[in-house]
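In case you want the letters, here they are:
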Amino acid sequence: MTEPYGGRFTGRTALVTGGGSGIGAALTRALTAAGAHVHCADIDAEAAARVAASAPGPGSATAVELDVTDAAAVAAAVDAAWPLDLLFNNAGIVIGGPTEELTLEQWNRIIDINLRGVVHGVQAAYPRMIAAGSGHIVNTASAAGLMASGLLTSYCATKFAVVGLSEALRTEAVHYGVGVTVVCPSAVETPILDSTDSSGFAGRAFFLGAENTERAYSPERLAVDVLAAVARDRARVVVPGRTRLGWLVGRAAPGFLARRTARYVGTRLPRAVTGPAAG
């Protein structure tokens, strides 16, 4: 039987943050199925334990309780997993709603998890990967880190930052034998779609409506996409195909994309707003 991904993950050690559900859980299971040993880390220790226990062989998984906003804890998790071949900075949240209603506490929370959580992982693992002359860092961003949208201002801000961090780091890391990949999917079928906050933002309806689809992307399919990209040392994963096409159209005609997005956002604002469309 041919080993998946050319045996790229057989016997490797990986740390996956946000591994207790959604994309992180799917990555954990895909990695163990490909022969890796995974440290499945999540702030919810019970969720991490359930995922680790359900991960298939021939690899294995160990549950780790981890708050990615705690830099010392992230460094300790990297130490415990070392020698580490693969770091998946995947933990993240969404806070949606009108920008004027966002509180400073909400801004700080999403920056701490979505951006500083990634920084903490890079800070802990990247220098050691340089010393080892090998390793791969995978940062989960979003299509919202490539194409901006109102009602997702704080989320877009953090995900654009993760894309920039990843693409800049890749131009350095290549000289040390370290790979960097950024993952930019559109709506994925995870609990984050149905999470709610004080704004009452309906994430599932907003994300799926923006894509004119009734079905979110499968996290299991995304995990396969990600591992295939890592095996080939690709810079980014933009899926599904309609999202990649939209991104490419937006790069070629940014004004068109901005106007289209502004029209859609206008239909979702909680009160009528008049004025020219963006772009």
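Before any of the text, the structure's been laid out above.
This write-up is about the structure you can find in this document. (Residues numbered from 1 in each chain as written. Predicted model: local features only at pLDDT ≥ 70, side-chain atom pairs only at ≥ 80, totals over all residues. Heavy atoms only, no water.)

## Re the side chain of T261
Rules: Each helix corresponds to a stretch of at least 4 residues labelled H or I by DSSP, and each strand to a stretch of at least 2 residues labelled E; elements are numbered beginning at the N terminus. Think of it in three bands: residues with accessible area under 20% of the maximum for their type are buried, residues over 50% are exposed, and the middle band is partly exposed, with areas taken using a 1.4 Å probe on protein chains only.
Position of T261 relative to the elements: it lies in helix 9 (residues 254-268). For T261, a relative accessible area of 17% puts it in the buried group.

## Some thoughts on the packing of aromatic side chains
Between two aromatic rings, the relevant description is the distance of the centres plus the angle of the planes. Keep this limit in mind: Only rings of Phe, Tyr and Trp enter the pairing, Trp through its six-membered ring, and a pair is recorded when the two centres are within 6.5 Å. The plane angle decides the type: under 30 degrees is stacked, over 60 is edge-to-face, the rest tilted. Counted as over-ring charges are cases with an Arg CZ or a Lys NZ within 6 Å of the ring centre that also lie within 35 degrees of the ring normal.
Tallied over the full model, the rule gives one aromatic pair. For the ring pair Y5 and F9, a centre distance of 5.4 Å and an interplane angle of 85° mean the geometry is edge-to-face. Using a relative accessible area of 0% as the deciding quantity, one classes F9 as buried. Above the face of the W82 ring, R128 is positioned so that its terminal group lies 4.4 Å from the ring centre.

## Thoughts on the packing of helix 4 (residues 104-132) against helix 5 (residues 153-173)
Put simply, the test is: Fitting a line to C-alpha atoms yields each axis, with helices limited to the stretch in contact; the angle taken between N-to-C directions then spans 0 to 180 degrees. Between 65 and 115 degrees an angle is taken as roughly perpendicular, under 35 as roughly parallel, over 145 as roughly antiparallel, and anywhere else as oblique. Helix crossings fall into two classes, left-handed where the near helix is turned counterclockwise from the far one by less than a right angle and right-handed where it is turned clockwise. Working rule for contacts: check all heavy atoms of both residues, and any pair within 4.5 Å makes them a contact. Under this grouping Gly is polar, as are all residues other than the nonpolar Ala, Val, Leu, Ile, Met, Phe, Trp, Tyr, Cys and Pro and the charged Asp, Glu, Lys and Arg.
Relative orientation of the contacting elements helix 4 and helix 5 amounts to 15°, with a least axis distance of 8 Å. Classified by the interaxial angle, the pair formed by helix 4 and helix 5 is roughly parallel. Regarding helix 4 and helix 5, the two cross each other, and that crossing is right-handed. Judged by residue contacts, W107, I110, I111, N114, L115, V118, V119, V122 and Y126 of helix 4 engage T153, S154, Y155, A157, T158, K159, A161, V162, L165, L169, E172 and A173 from helix 5. Of the residues contributing to the contact of helix 4 with helix 5, the split by class is 15 nonpolar, four polar and two charged.

## Observations regarding the packing of helix 8 (residues 241-252) against helix 9
Following both chains from N to C, one finds helix 8 and helix 9 inclined at 120°, their axes separated by 5 Å at the closest point. On the basis of their axis angle, the class for helix 8 and helix 9 is oblique. Between helix 8, through G246, V249, G250, R251 and A252, and helix 9, the contact on the second element is made entirely by P254, F256 and L257. For the contact of helix 8 with helix 9, a count of residues per class yields five nonpolar, two polar and one charged.

## Thoughts on the sheet that holds strand 4 (residues 86-89)
Heads up, the rule is: Here a strand pair is declared whenever DSSP counts at least two bridges between the two strands.
Overall, parallel pairing links the seven strands, which are arranged 3-2-1-4-5-6-7 in an open sheet. Edge positions in the sheet fall to strand 3 (60-65) and strand 7 (236-239), since each has one partner strand and no second. Neighbour to neighbour, the strand axes of the sheet diverge by 15° on average, direction disregarded. Here strand 1 (residues 13-17) runs beside strand 2 (residues 37-42); their pairing, made up of five bridges, is parallel. Looking across to strand 2, one finds that A14 is bridged to V38. The sheet strands contacting helix 2 (residues 45-54) are strand 2 and strand 3, and the helix crosses strand 3 at an angle near 180°. Taken strand by strand, helix 5 contacts strand 5 (136-140), strand 6 (179-185) and strand 7, and its axis lies near 155° from that of strand 6.

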